Amino acid sequence: MSVVILDFGSQYTRLIARRMRELNAFSVVLPGTAPIERIREAAPTAVVLSGGPRSVFEAGAPKPDDALYGLEVPILGVCYGMHLLAERFGGRVIDAGERSYGSDRLAHADGPLFEGLEPPVAIWMSHADAVTELPEGWSSIAATATNPNVAVASPDGRRLGVQFHPEVVHTPDGARILSNFLDASGVPRDWTPERNLERITEDARARVGGDRVLLGVSGGVDSSALALLLARAGVDHLAVFVDHGLLRAGERAEVEDGLRALGVNLLTVDAGERFLSALAGIVDPEAKRKAIGREFVAVFREEAQRHGPFRFLAQGTLYPDVIESAGGEGAANIKSHHNVGGLPEELGFELLEPFRMLFKDEVREVARLLGLPDAIRLRHPFPGPGLAVRILGEVTSERIEIVRKSDAIFLEVLREHGAYHDAWQALAVLTPIQSVGVAGDERRYGHVVALRAVTSVDAMTADWARLSHEVLDDAARRITREIPEVGRVVYDITSKPPATIEWE
Ligand code: XMP
């Protein structure tokens, strides 16, 4: 039983899925043109047609399988989704130009969708097309001062369309509108963190039986929660934590203490020397990532053989990865993200992916229920290749130390100022630049460290965090005072795009 969201390419599709889950309704995202069999398999209790960048009147505009309209389920069309409904049932959609953009207010709003809301209701619209003629028998259920058809309903009220985006924060009552849709559709609200945990624990137990599971732990929330889940489920597991010598200050002890205390069977592999030699002389970012990926696989393979046999390899795959591989828009390979992929076939593992239906915030909730320490659960994301991608140029032990200390000071300053959670991620980068300064009465030719802090939701886009000048000042003073090799500190004020979060 699920709310099926058919994705027509809107940047907000995942947000619709997350909002439904926040309202305790299980949701799945399928490509907009998914055949009816796939939609039926997902057992929809309601369907949402997402927004999208196209116009329904364009040749080749994506449309759902027409058999969808034969299903006995309520359908909500959002923006492009509403245009699809209007066009399919005989209405007219035209390009209305700029008039349909931005924030606006509903001057009137009626019916179950707007239950409990009093106009004016603030809404956010982001499409140039509008419905100018309704299908036969349909009615307008909401209007702005300039657009009479901002929300529409079929005669039986089972097909609903909204021109605006209830899923975005700029529609402050959007969650209420979506909740009203779920109520009107009779969608069960049983998707809670407690039930999720129960479900995935039972599934993992049933699937693994008495066999053994191997997993890699990076210290991040996903893999740590996964290790904890297996431990709590009583699954026979070995969690391998590869210390590649590129971890943040204090990270290894935090992970080891945190997980062992909770019953995880954790093996830490000391591989610092090995990674350092593999990285010697490498300057190119992609070559660095590849060298690290290769070394990870080699270390992991050795440990698997030493402690095997294992039937399963557990991975912290999340729902966004599943959506992506389900055939949405293809994403360009900007950076080769490292994980232990490539291993399963080679070693004859079966994959175990208990989080494959969860979003990151849902994993964080599950982790909370499992008792994962907040120091791990709420920490900023950290890349698999570790500090190596924050050292521009060659990775040497001296340079690792400089960036590790800078990072530790920056994070400490953020915490002291209560600003750690103002940033989604914060980091220090050692640039290959040296600059002139003075220390005491002497000329100093020191390294330039760049600080970066960003706000983001899912790392796909990010903005630079508007940290206070006091925080930045404190960080710069402490870094230059406590790390003599550093002569200058700069703050990165580039958003993503065009930059990425990490510098390499
Ligand atoms: P970028 O730099 O691509 O980073 O904007 C987006 C997010 O991903 C993290 N990141 C990685 N995580 N392996 C990972 O597990 C990697 O190779 C990797 N590269 C970047 C980065 O820290 C940010 O949170």
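None of these values were measured; they are calculated from a predicted model.

Peer 1: Break down the packing of aromatic side chains for me, citing the residues and quoting the values.
Peer 2: Centre distance and the angle of the planes are the two values used to describe a pair of aromatic rings. As enumerated under the stated definition, the model contains eight aromatic pairs in all. A ring pair is formed by Phe114 and Phe164, whose centres lie 6.5 Å apart and whose planes are at 40 degrees; its orientation type is tilted. Of the two residues, Phe114 is situated in the loop between β7 (108-109) and β8 (121-126) and Phe164 in the loop between β12 (159-162) and α4 (174-185); the sequence distance between them amounts to 50 residues. Taking relative accessible area as the criterion, Phe114 reaches 2% and is therefore assigned buried. On the basis of an interplanar angle of 75 degrees and a centroid distance of 5.5 Å, the ring pair of Phe275 and Phe296 is categorised as edge-to-face.

Peer 1: Residue-level account of the domain arrangement of the chain, with values.
Peer 2: Interfaces are often described in size by the accessible area the parts lose on coming together. Under the domain assignment, the chain is made up of domain 1 (2-185), domain 2 (193-377) and domain 3 (396-491). In this assembly, six residues from domain 2 lie in contact with seven residues from domain 3. Taking both partners together, domain 2 and domain 3 bury about 530 Å²; carbon and sulfur atoms supply 62% of that area. In terms of surface lost to domain 3, no three residues of domain 2 exceed Arg248, Ala249 and Leu276, which account for 60% of the buried area on that side. For the pair domain 2 and domain 3, the number of links is zero salt bridges. Between domain 2 and domain 3 we count two residue pairs in polar contact (both at pLDDT 80 or more) in total.

Peer 1: Mind laying out the nonpolar core, listing which residues take part and the relevant values?
Peer 2: Residues Leu49 and Phe114 are the most contacted members of the largest nonpolar core, which totals 102 residues. Top element by residues in this core is helix α6 (residues 221-232). It accounts for eight residues. Apart from residues lying up to four places away in sequence, Phe114 is in contact with Leu106, Ala109, Ile141, Ala142, Ala151, Phe164, Ile177 and Asn180. One finds Phe296, Ile391, Ala453 and Val489 within the second-largest nonpolar core, a separate group that totals 51 residues.

What counts and how
- Residues numbered from 1 in each chain as written.
- Predicted model: local features only at pLDDT ≥ 70, side-chain atom pairs only at ≥ 80, totals over all residues.
- Heavy atoms only, no water.
- Phe/Tyr/Trp six-rings, centres within 6.5 Å; stacked < 30°, edge-to-face > 60°.
- Helix = DSSP H or I, 4+ residues; strand = E, 2+ residues; numbered from the N terminus.
- Buried < 20%, exposed > 50% of the residue type's maximum accessible area, 1.4 Å probe, protein only.
- Domains from an automatic or database assignment.
- Contact = heavy atoms within 4.5 Å.
- Buried area = accessible area lost by both parts, 1.4 Å probe.
- Salt bridge = Lys/Arg side-chain N within 4 Å of Asp/Glu carboxyl O.
- Polar contact = N/O pair within 3.5 Å; in protein donor to acceptor, adjacent residues only side chain to side chain.
- Core = buried A, V, L, I, M, F, W, Y, C linked by side-chain atoms within 4.5 Å.

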